[in-house]
Amino acid sequence: MHRRLFFRSAALATLAATVAAAGALPATAESPTPAATRLHATIDAILADARLTGAQAGVVVVDTATGQSLYDRNGDRRLIPASNTKLLTSAAALELLGPGHRFTTDVRTTGQRRAGLVSGDLYLRGGGDPTMLAADYDALAAEVAASGVRVVTGNLVADDTRYDRTRLGPDWTWDDESYYYAAQVSALTVAPDTDYDAGNVIVHAAPAASAGAPPAITMTPPNGYVRIDNRAETVAEGETTIAFEREHGTNTVVVTGQIAVGDDPSSDWMTVWEPTGYAADVFRTALRRHGVRVLGRTVLGRATPDGAAPVARHDSMTLAELMVPFLKLSNNGHAEVLTKEIGRIISGSGTWSAGLTAISEYVADAGMDTGTLRQRDGSGLSRRNLIPPAEFVALLAGVRAEPWFADWYAALPIAGNADRLVGGTLRSRMRNTPAANNVHAKTGSLTGVSGLSGYVTDADGRVLAFSVVLNNYLASSVKGLEDQIAIALASYTEKSVTSARVAPPVAPDAPRAPEGLECSWVKPIVC
């Protein structure tokens, strides 16, 4: 594995130790300045909010240029970080895979080819690409047809062996399993849209022309892999209450509730059971559409033999480009695929354990004290992830020297920017404040867990790294408190202090996701 030069590792370790050891006030020989005292009092007042009574709060702020701690409250406390975990995964992926890394999906054949006849099997080999759309499988099928193949006497083999067959994180909550943010992980999968929600199908329910009839159900992409059990009803009038639920262990989606005549269709994103079969179904249909017949059956999970002849190939966007939908929209599937891809590239094993080991080694090089934290998955869905806020700040400070940092920084959500692929999960937050188009940070949400970790440029032009992690609160949301802290940091200046009065800044109200969900995990996206 690539290792840092000793002097750089030592410098970053020193910074991490400084952050971890710092007290609540700046650790300087001199007394804190009036501005620093006021900032400290402002953040203390924000954290005194009644919504945090009985909760745990960790907040750390550091000047990235000097390593000076501007604020530290429980910085060394291990807290559940939710999607702030993606900071570790994404940084390690850019370092260990490289910004130019691409995922390859290809088609190969065995046996003899004579005219348009292939006497053998056709292999669809997955490379882990989480951005493969039905249109990409169609393009692969068109390429197969263009090569002259018309009939395959053997089977269509879906090769997902680049990664192991463990589809779900070991600590994930069982009742999340059918919802799109907890999709199964396979090296061969399908994304239904250009948010690249791999392993999902979008189910649509449109009202029938008259009351009493079941609504019309369609899917994106169309497929024969997911079955619909339509128990819903079209009514003359009334509120739409359509609900979708996939039965555990099956690809049967049960549709219930009602929808009124003339209402807009209702849609939801559902995970599929065994994405490899989903990809094979979409590809087989595309082959048929392009005049290629496979006479055998579909076989899942068998490796492509060495020496199989190449027929067609699709390469994904670069990893630097993938960082945008991954981090802006907090895509859990991307995080888990990257974890397994790291394991495959670094140690030859496409598993969570191999990937997490490599991530741990990299972030240790980048300045984190990995003896103080635990990472159990790539995305942060696991509640067994435990990371102190000071360690997030150490990582944020350390990676600023990386050659890929500009891509990573740009891919983080940007506060108050209305473009969803710029503002991402922060697009509705901190608008019309000094933090808008300033704060670049990763959000995090689980029930009773919220976090915001990233960068803010203060009023004096200094780049501050900060981490706010809040746990065990009972309120529906505490994100407004995170926003107040970020606004206070964006407003911070040492040049003049006109008032000693502590007045927490106002964070404008923003659309809220249901409790415990990132706003981008709610479809249609609410942020």
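Residues numbered from 1 in each chain as written. Predicted model: local features only at pLDDT ≥ 70, side-chain atom pairs only at ≥ 80, totals over all residues. Heavy atoms only, no water.

Where do I start with the overall build of the chain in this structure?
Within the chain, the regular secondary structure consists of 11 helices and 22 strands. In the chain, which comprises 527 residues, the proportion classed as buried is 58%. Across the chain, contacts joining residues at least 24 apart in sequence account for 72% of those joining residues at least 6 apart. Total accessible area on the chain stands at roughly 20,000 Å², and carbon and sulfur atoms take up 52% of it. (Helix = DSSP H or I, 4+ residues; strand = E, 2+ residues; numbered from the N terminus. Buried < 20%, exposed > 50% of the residue type's maximum accessible area, 1.4 Å probe, protein only. Contact = heavy atoms within 4.5 Å. Areas by Shrake-Rupley, 256 points an atom, 1.4 Å probe, with all protein chains shown as cover.)

Looking at this model, I keep getting lost on the sheet that holds strand β3 (residues 104-109). Mind explaining?
Whether parallel or antiparallel, the strands of a sheet pair through hydrogen bonds between backbone atoms. On the basis of which strands lie adjacent, the open sheet formed by five strands has the order β18-β8-β6-β3-β19 and mixed pairing. Pairing within the sheet leaves two strands with one partner each, and these edge strands are β18 (298-300) and β19 (309-315). Neighbour-to-neighbour, the strand axes of the sheet open up by a mean angle of 15 degrees, direction not taken into account. Across four bridges, strand β6 (residues 122-125) lies against strand β8 (residues 156-159) in parallel orientation. Residue pairing for β8: arginine 125 is matched across the bridge by aspartate 159. (Pairing = 2+ DSSP bridges. Axes fitted to C-alpha atoms, helices over the stretch in contact; angles between N-to-C directions.)

What exactly am I supposed to notice about the nonpolar core here?
Counting residues in each nonpolar core, the largest one holds 59 residues, and the members touching the most others are Met323, Tyr362, Val399 and Trp408. Looking at which element gives the most residues to this core, the answer is helix α3 (residues 86-96), with seven residues. Apart from residues lying up to four places away in sequence, methionine 323 is in contact with Ser90, Ala93, Leu94, Lys328, Leu338, Trp408 and Ala411. Counting 40 residues, the second-largest nonpolar core is a separate cluster that includes Val149, Leu156, Leu188 and Ala280. (Core = buried A, V, L, I, M, F, W, Y, C linked by side-chain atoms within 4.5 Å.)

Looking at this structure, I do not really get the pattern of salt bridges. What am I missing?
Working definition: two side chains of opposite charge can pair if their charged atoms are close together. Enumeration according to the criterion identifies 22 salt bridges in this entry. Of the charged contacts, one joins arginine 167 and aspartate 160 as a salt bridge, the two residues approaching to 2.7 Å between their closest N and O atoms. You can call arginine 167 buried: its relative accessible area is 8%. For arginine 420, the salt bridge goes to aspartate 195, with nearest N and O atoms at 3.0 Å. One end of the pair, arginine 420, is in the loop between α10 (405-411) and β20 (440-446); the other, aspartate 195, is in the loop between β8 and β9 (200-206), and 225 residues separate them in sequence. Classification of aspartate 195 as buried rests on a relative accessible area of 11%. Here the salt bridges share partners, and the residues they tie into one network are Asp160, Arg165, Arg167 and Glu274. (Salt bridge = Lys/Arg side-chain N within 4 Å of Asp/Glu carboxyl O.)

Would you take a moment to explain helix α4 (residues 134-146) for this structure?
Residues separated by three or four positions in an α-helix point in the same direction, a consequence of the helix having 3.6 residues per turn. The terminal C-alpha atoms of α4, which comprises 13 residues, lie 18 Å apart, in line with the 18 Å expected from a rise of 1.5 Å per residue. Three or more residues of α4 are buried, namely Asp136, Tyr137, Leu140, Ala141, Val144 and Ala145. Residues of α4 that are buried in the fold lie against β3, β6, α5 (275-289) and β19. Glycine 148 lies just past α4 and shows a positive phi near 105 degrees. (Expected span 1.5 Å × (residues − 1).)

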